[in-house]
Amino acid sequence: MATRSGYKSGGKLPRYVRIRKMAHGRIRFQSWWPDDGARRWSKLFDSADEAHNYALQMRGQLKQHGDYVTIASAMDLLRKDCRLKGTAAGTLRQYEERYRTITRDGGFFAAESRMADLDANELEWFIEKRLEDGISPNTIDLDMAFWRRLFRLCVRKRLLDFSPIDQVSKPRKVAPTRPVLMFPDGRKLVASVAETNQEDADIIALAVYTGIRKTEMANLQPRDLSDSGDWLTIQADGAKTKQSRDIPLPPGLRDIISRLLQINEEGPGLLRGSTIQRRGDRVRRVFERWKKKTGNARVQPH
């Protein structure tokens, strides 16, 4: 229904205008404009057009609204927004830490730098400087998450027209190279360890010849070794992929697995008894011990 105000009930209001409901069902209109990172509200008008025109007039008398938003004032808005939304204290501490990193003396940007001046090129320069300082891409991702929330908050409050974050190229993540013990070196290590400690040699041989993970080794049971000794079954509940699989065994490995799993006259094998966690710890200690003795960083379980 159209009214004297020129506003159709249920229609879309002009930008910068809100409805104020008065007594006896009467409605009036109020407009706003930015002032130092906050909103300043006008007097009440009878029509939406009047309120909208007044907002445009006030904006015309002032600088563009983006000039009012600095990094410091945007951070103040972010603190208030976090309190209103109940953001976790740890997340807010991370935001504060990144704000200090960005604005500290000799840092990247002054606290009074305008948010409108921070375009994609400025933010990519920030990323390059962080990479030059030896900061990892994962940490820079957290930096950009801070920028993203800061810009989106300003856009949501209509203090900026858009966020440049989506135009910024993310730093390329390089997966850390993990040292791997090659099979020929693994065979030599097993033979060397067996000269002084047969139990440790059995653990290392099982890992070298089957490639199973530490947790899978700790979950092994006697029933997982086939009667013929040619296959070892990794049960689904102990596998990382939660899928069972069969592993062919080379000759001679059956005796090693039997020693590790079976209860014999000397007591339980290294992978029997106790809890799964403690069995996993035994495997880890074996590799740590021989990694230290040999000085070879590749001596580690899968």
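The structure this text deals with has already been given above.
One structure accompanies this document, and this report is about it. Everything numeric here is computed off the predicted structure, so don't read it as measured data.

**Topic: the overall build of the protein chain**
Okay, step 1: Along the protein chain, the regular secondary structure elements total 10 helices and 5 strands.
Okay, step 2: Split by element, the accessible area of the protein chain, about 18400 Å² in all, is 48% carbon and sulfur.

**Examining the packing of helix α2 (residues 71–85) against helix α5 (residues 137–156)**
Okay, step 1: Axis separation between α2 and α5 bottoms out at 10 Å; the angle between their running directions is 90°. In terms of their interaxial angle, α2 and α5 are classed as roughly perpendicular. Counted together, Ile71, Ala74, Met75, Leu77, Leu78, Asp81, Cys82 and Lys85 of α2 and Phe146, Trp147, Arg149, Leu150, Leu153, Cys154 and Arg156 of α5 form the full contact between these two elements.
Okay, step 2: Residue composition of the contact of α2 with α5, by class: 11 nonpolar, no polar and 4 charged.

**Some remarks on the packing of aromatic side chains**
Okay, step 1: Considering all chains together, one arrives at 9 aromatic pairs under this definition.
Okay, step 2: Judged by centre distance (6.0 Å) and plane angle (80°), the ring pair of phenylalanine 126 and tryptophan 147 falls under edge-to-face. On the criterion of sequence distance, the pair formed by phenylalanine 126 in helix α4 (residues 120–132) and tryptophan 147 in helix α5 is long-range, its members being 21 residues apart. In this structure, phenylalanine 126 and tryptophan 147 share a single accessibility class: buried.
Okay, step 3: Look at phenylalanine 146 and tryptophan 147: their rings are 6.0 Å apart centre to centre, the planes differ by 55°, and that puts the pair in the tilted class.
Okay, step 4: By relative accessible area, phenylalanine 146 is classed as buried at 0%.
Okay, step 5: Tryptophan 147 sits in the buried class, given a relative accessible area of 0%.
Okay, step 6: The structure contains a cluster of three or more aromatic residues connected by ring pairs, namely Tyr95, Phe108, Phe109, Trp125, Phe126, Phe146, Trp147 and Phe151.
Okay, step 7: The ring of tyrosine 99 carries arginine 79 above its face, with NZ or CZ at 5.7 Å from the centroid.

**Some details on the nonpolar core**
Okay, step 1: In terms of nonpolar packing, the biggest core is built from 31 residues, with Met115 and Trp147 touching the most fellow members.
Okay, step 2: Put simply, the parts of the chain that give this core at least two residues each are α2, α3 (89–103), α4 and α5.
Okay, step 3: A total of 8 residues in this core trace back to one element, the largest contributor, which is α5.
Okay, step 4: In this structure methionine 115 touches Val69, Thr70, Ile71, Ala74, Leu150, Phe151, Cys154 and Leu160, once residues within four positions along its chain are discounted.
Okay, step 5: Core analysis: the second largest hydrophobic core is formed by 29 residues, Ile234, Ile247, Leu260 and Phe287 among them.

**So, the pattern of salt bridges**
Pairing is possible between side chains of opposite charge, provided their charged atoms come close.
Okay, step 1: If you walk through the whole model with that rule in mind, you get 18 salt bridges.
Okay, step 2: Across the salt bridge formed by aspartate 143 and arginine 130, the nearest N and O atoms sit 2.9 Å from each other. Note that aspartate 143 is positioned in helix α5 and arginine 130 in helix α4, a separation of 13 residues in sequence.
Okay, step 3: A relative accessible area of 3% means that aspartate 143 is categorised as buried.
Okay, step 4: For arginine 213, the salt bridge goes to glutamate 216, with nearest N and O atoms at 3.1 Å. One exposure class covers both arginine 213 and glutamate 216, and it is buried.
Okay, step 5: Among the charged side chains, a salt-bridge network with shared partners connects Asp81, Lys85, Arg149 and Arg156.

**Remarks on the environment of leucine 249**
Okay, step 1: Among the structural elements, leucine 249 can be located in the loop between β5 (245–248) and α9 (253–261).
Okay, step 2: With 18 residues separating them in the primary sequence, leucine 249 and tryptophan 231 have C-alpha atoms 5.5 Å apart.
Okay, step 3: In this structure leucine 249 touches Thr210, Leu225, Gly229, Asp230, Trp231, Leu232 and Ile257, once residues within four positions along its chain are discounted.

Cut-offs applied
- Residues numbered from 1 in each chain as written.
- Predicted model: local features only at pLDDT ≥ 70, side-chain atom pairs only at ≥ 80, totals over all residues.
- Heavy atoms only, no water.
- Helix = DSSP H or I, 4+ residues; strand = E, 2+ residues; numbered from the N terminus.
- Areas by Shrake-Rupley, 256 points an atom, 1.4 Å probe, with all protein chains shown as cover.
- Axes fitted to C-alpha atoms, helices over the stretch in contact; angles between N-to-C directions.
- Parallel < 35°, antiparallel > 145°, perpendicular 65-115°, else oblique.
- Contact = heavy atoms within 4.5 Å.
- Nonpolar A, V, L, I, M, F, W, Y, C, P; charged D, E, K, R; others polar.
- Phe/Tyr/Trp six-rings, centres within 6.5 Å; stacked < 30°, edge-to-face > 60°.
- Buried < 20%, exposed > 50% of the residue type's maximum accessible area, 1.4 Å probe, protein only.
- Lys NZ or Arg CZ within 6 Å of the ring centre and 35° of its normal.
- Core = buried A, V, L, I, M, F, W, Y, C linked by side-chain atoms within 4.5 Å.
- Salt bridge = Lys/Arg side-chain N within 4 Å of Asp/Glu carboxyl O.

As far as function goes, none of this settles anything; it's purely spatial.
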